[in-house]
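Now for the letters of each chain:
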Amino acid sequence: MSELAFFIDYSRCIGCRACVQACEECDTHRGQSMIHLETIERRDTVQTAPQMCMHCEDPVCARVCPADAIKQTPDGVTQSSLKPRCIGCANCVMACPFGVPKYEASIDQMMKCDYCFDRTSIGKKPMCATVCPSQALTFTTREEIERTRRGRPINEWRFGNEVVRTKVFVLVPPATTQVDVGLGDLVQIRAGKKASHVRPVAKDDVAALLEDLP
């Protein structure tokens, strides 16, 4: 049995914002939610997509920080900036490929999702996963996800020539092995290793990404 991990299943998101509210109520967040909902092509669909920190294996936010204020725990959780070190330059905000870190001017510090480290480090679910009524956000084992869901969990993304692997998994159509982002205005679903299997879809169109689900 593999260790517990975080999985996002966009096809199950109902836009209730329970995750956002739960995150705001966390004692360490000072009333700020570290997760937000993206709306996808509002003109064409009511699809929403919860976005939390993906906790990259090699976090670019930490790499570009000139003050060495962003640290990663030994088990791969990238934390908010350290208050005594953060200089508010917002390099991390601009560098993150997922658009997650937020600079909070009122406290002059970058804040972001920290994977509810105080809870997950002792085997408890993150607050957002605890309250999600549709289980679009789930903290469980890979075996349980593969047994109960139709999609395939992936944690590999390609931004131009850079491959990013994340601690957080996203469920995609079963044939998908990687999601390519940043080639013009396209997101590409890579099924297998042959380029002929790459199918372009509209940027940020999660509904299209999920339409291949059986």
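Residues numbered from 1 in each chain as written. Predicted model: local features only at pLDDT ≥ 70, side-chain atom pairs only at ≥ 80, totals over all residues. Heavy atoms only, no water.

- Under an unreviewed UniProt entry, the chain has the name 4Fe-4S dicluster domain-containing protein and belongs to Pendulispora brunnea.

Overview of the overall build of the chain
Part 1: Counting its regular elements, the chain contains seven helices and 11 strands.
Part 2: Expressed as a percentage of the 214 residues in the chain, the buried residues total 46%.
Part 3: In the chain, of all internal contacts separated by at least 6 residues, the share reaching a separation of at least 24 is 49%. (Helix = DSSP H or I, 4+ residues; strand = E, 2+ residues; numbered from the N terminus. Buried < 20%, exposed > 50% of the residue type's maximum accessible area, 1.4 Å probe, protein only. Contact = heavy atoms within 4.5 Å.)

Things to note about the nonpolar core
Part 1: By size, the foremost hydrophobic cluster in this structure holds 36 residues, and its most contacted members are F6, I8, I35, M52, F98 and L137.
Part 2: Elements with a contribution of two residues or more to this core: β1 (5–8), α1 (18–24), α5 (127–131), β6 (137–140), β7 (152–159) and β8 (162–172).
Part 3: Ranked by the residues each element gives to this core, the list is headed by β8, at four residues.
Part 4: The residues touching I35, leaving out its near neighbours within four places in the chain, are C19, V20, C23, P50, Q51, M52, C128 and L137.
Part 5: Core analysis: the next-biggest nonpolar cluster, separate from the first, contains eight residues, C65, A67, A69 and C86 among them. (Core = buried A, V, L, I, M, F, W, Y, C linked by side-chain atoms within 4.5 Å.)

Considerations on unusual backbone geometry
Part 1: Non-glycine residue Y115 carries a positive phi angle of around 70 degrees.
Part 2: By the secondary structure assignment, Y115 is in the loop between β5 (109–111) and α4 (117–120).

Overview of the state of the cysteines
Part 1: In total, this model carries zero disulfides according to the counting rule given.
Part 2: C19 supplies the cysteine sulfur nearest to C13, a cysteine that is in no disulfide, at a spacing of 6.5 Å.
Part 3: Residue C128 stays outside any disulfide, its sulfur separated by 6.1 Å from that of C116, the closest cysteine.
Part 4: Residue C128 is classed as buried on the basis of its relative accessible area of 9%. (Disulfide = S-S within 2.5 Å.)

Quick look at the pairing of β7
Part 1: With seven bridges connecting them, β7 and β8 associate as antiparallel partners. Within β8, the position partnered with E156 by the bridge is R165.
Part 2: As consecutive antiparallel partners, β7 and β8 are separated by two residues, and within that stretch G160 has a phi angle of approximately 65 degrees, a positive value. (Pairing = 2+ DSSP bridges.)

Quick look at the confidence of the model for the chain
Part 1: Across the chain, the average pLDDT comes to 84, with 84% of residues at or above 70.
Part 2: When the criterion is pLDDT under 50, residues 192–198 qualifies, and its contacts beyond four places in sequence or with other chains add up to seven contacts. (pLDDT = per-residue confidence, 0-100.)

Some thoughts on the environment of T166
Part 1: Along the chain, T166 turns up in strand β8.
Part 2: When the C-alpha atoms of T166 and M54 are compared, they prove to be 5.6 Å apart, with 112 residues separating the residues in sequence.
Part 3: Residues within four places of T166 in sequence aside, it is in contact with M54, H55, C56, E57, F98, N155 and W157.
Part 4: Reaching out from T166, the side chain makes a polar contact with the backbone oxygen of V168 at a distance of 2.7 Å. (Polar contact = N/O pair within 3.5 Å; in protein donor to acceptor, adjacent residues only side chain to side chain.)

Remarks on the environment of I154
Part 1: Within the secondary structure, I154 is located in strand β7.
Part 2: For I154, the residues in contact, after removing those within four places along its chain, are V168, F169, V170, V172, T176, T177, Q178 and V179.

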